[in-house]
Amino acid sequence: MSKDSRDVPAPPWRKPRRPAQVKRQLSQELIVETGLAILDAEGFDALSMRRVAQELETGPASLYAHVSGKEELLELIYDRVCAEIRLPEPDPSRWKEQLREYALEVHRVFGEHADVARAALASIPTGENSLRTGEFTYGLLIEAGMSPREASLAMDRLTLYLVGDAYEASVHWARMRAAGMRDPREYFEAFIRQITTYYRALPRERFPHLYDHVDDLTADGGEARFEYGLELLLDGIEARMPRT
């Protein structure tokens, strides 16, 4: 093509060409980030290899060169989220305070990715970032004086509490989405109203404590309940910590 021919303008009736879109290089990291974005925006049930492929404008088969399937994808997403957990330099002399800080940090991160807790249930840490958090909690308890056997049990129960609390939150997020609601405060106020209305309709002669104290039963919000349960666990671990 000569230079002169390139200078000739296109006819005014010809539709302008769309600029070619450059596809990003497919990689495991890109697949995981896309899966996490779907999980955050649409929830656990919406996540699938087909849905990720659709978002990346490719076929599901092309993903399997990087991720073996949905199960591995969920493990990788969970490990990716664990990378956001900030850990302090371990100080066994302050183990209880540091364990509290760690638990609140996990609570914060899981709260930002509520549905990831469903991927964490019954999952043994194998990724680098989840191993990092396990090494921190387990090592902190051992260095503080707890036997490795008991530290293992304490770490397991603490982790289950953190994941279980986040899982409960993910169930409420799913219900909120299904109801077409966007404001969490509006959703939880409606949820509490349903509970109090139902309890106040119970026959008092059969359920006197539930009937009389429904306001106390529903008084505390999720954050207060989480922190109360956390202190119960920490106090229990402290009671079993050998005295120095």
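See above for the structure.
None of the values given here were measured: they were computed from a predicted structure. (Residues numbered from 1 in each chain as written. Predicted model: local features only at pLDDT ≥ 70, side-chain atom pairs only at ≥ 80, totals over all residues. Heavy atoms only, no water.)

A short note on the packing of helix H9 (residues 148-178) against helix H10 (residues 184-200)
- In contact at an axis separation of 11 Å, H9 and H10 are set at 100° when each is read in the N-to-C sense. Between H9 and H10, the angle is such that the two are roughly perpendicular. Side by side, H9 and H10 meet where His-172, Trp-173, Arg-175 and Met-176 of the first sit next to Pro-184, Tyr-187, Phe-188 and Phe-191 of the second. (Axes fitted to C-alpha atoms, helices over the stretch in contact; angles between N-to-C directions. Helix = DSSP H or I, 4+ residues; strand = E, 2+ residues; numbered from the N terminus. Parallel < 35°, antiparallel > 145°, perpendicular 65-115°, else oblique. Contact = heavy atoms within 4.5 Å.)

Describing unusual backbone geometry
- For Glu-57, which is not a glycine, the phi torsion comes out positive at approximately 55°.
- Structurally, the position occupied by Glu-57 is in the loop between helix H3 (49-55) and helix H4 (60-63).

Here's the deal with the layout of surface pockets
- By volume, the largest pocket is sized at about 820 Å³.
- If you go around the largest pocket, you meet 31 residues; those closest to its centre are Glu-168, His-172, Phe-188, Gly-221 and Gly-222.
- For the lining of the largest pocket, the secondary structure elements donating two or more residues are helix H6 (95-112), H9, H10 and helix H13 (222-240).
- Partitioning the lining of the largest pocket into residue classes produces 18 nonpolar, 6 polar and 7 charged. (1 Å grid on protein atoms, 1.4 Å probe; cavity = no way out; pocket = protein on both sides within 12 Å on 5 of 7 lines; lining within 4 Å. Points joined across faces, edges and corners; volume = space filled by probe spheres on them. Nonpolar A, V, L, I, M, F, W, Y, C, P; charged D, E, K, R; others polar.)

A few points about the pattern of salt bridges
- Counted under the stated rule, the structure contains 19 salt bridges.
- Glu-84 is the partner of Arg-80 in a salt bridge, and the nearest nitrogen-oxygen pair spans 2.8 Å.
- According to the relative accessible area criterion, Glu-84 is partly exposed, its value standing at 23%.
- With its nearest N and O atoms 3.2 Å apart, the salt bridge here joins Arg-108 to Glu-112. Taken together, the residues span about one helical turn, with Arg-108 and Glu-112 both in helix H6 at a distance of 4 residues. (Salt bridge = Lys/Arg side-chain N within 4 Å of Asp/Glu carboxyl O. Buried < 20%, exposed > 50% of the residue type's maximum accessible area, 1.4 Å probe, protein only.)

With respect to the packing of aromatic side chains
- Inspection of every chain in the model, using the stated rule, returns 6 aromatic pairs.
- Centroid distance Tyr-78 to Phe-110: 6.1 Å. Interplanar angle 55°. Geometry classified as tilted. Taken together, the residues Tyr-78 in helix H5 (residues 70-82) and Phe-110 in helix H6 connect sequence positions 32 residues apart.
- With 5.5 Å between their ring centres and 15° between their planes, Tyr-161 and Phe-226 make a pair best called stacked. Placement of Tyr-161 in helix H9 and of Phe-226 in helix H13 is noted, with a sequence separation of 65 residues between them.
- One aromatic cluster is present, built from ring pairs that chain together Tyr-187, Phe-188 and Phe-191. (Phe/Tyr/Trp six-rings, centres within 6.5 Å; stacked < 30°, edge-to-face > 60°.)

Remarks on the side chain of Asp-115
- With respect to the element layout, Asp-115 can be found in the loop between H6 and helix H7 (116-120).
- Judged by relative accessible area, which is 4%, Asp-115 ranks as buried.
- Within the structure, the side chain of Asp-115 is placed 3.3 Å from the side chain of Arg-177, a separation counted as a polar contact.
- Excluding its chain neighbours within four sequence positions, the residues that come into contact with Asp-115 are Leu-39, Gly-43, Phe-44, Ser-170 and Arg-177. (Polar contact = N/O pair within 3.5 Å; in protein donor to acceptor, adjacent residues only side chain to side chain.)

Overview of helix H8 (residues 128-143)
- Compared with an ideal rise of 1.5 Å per residue, which puts 16 residues at 22 Å, H8 spans 22 Å between its outermost C-alpha atoms and is within 8% of the ideal.
- Residues of H8 that are buried: Ser-130, Thr-133, Phe-136, Thr-137, Leu-140 and Leu-141. Looking down the long axis of H8, one finds its buried residues gathered within 120° of arc, a one-sided arrangement. Opposite the packed face of H8, turned more than 90 degrees from it, sit the exposed residues Glu-128, Glu-135 and Glu-143.
- Downstream of H8 by a residue or two, Gly-145 has a phi angle that is positive, lying close to 120°. (Expected span 1.5 Å × (residues − 1). Arc of directions from axis to C-beta.)

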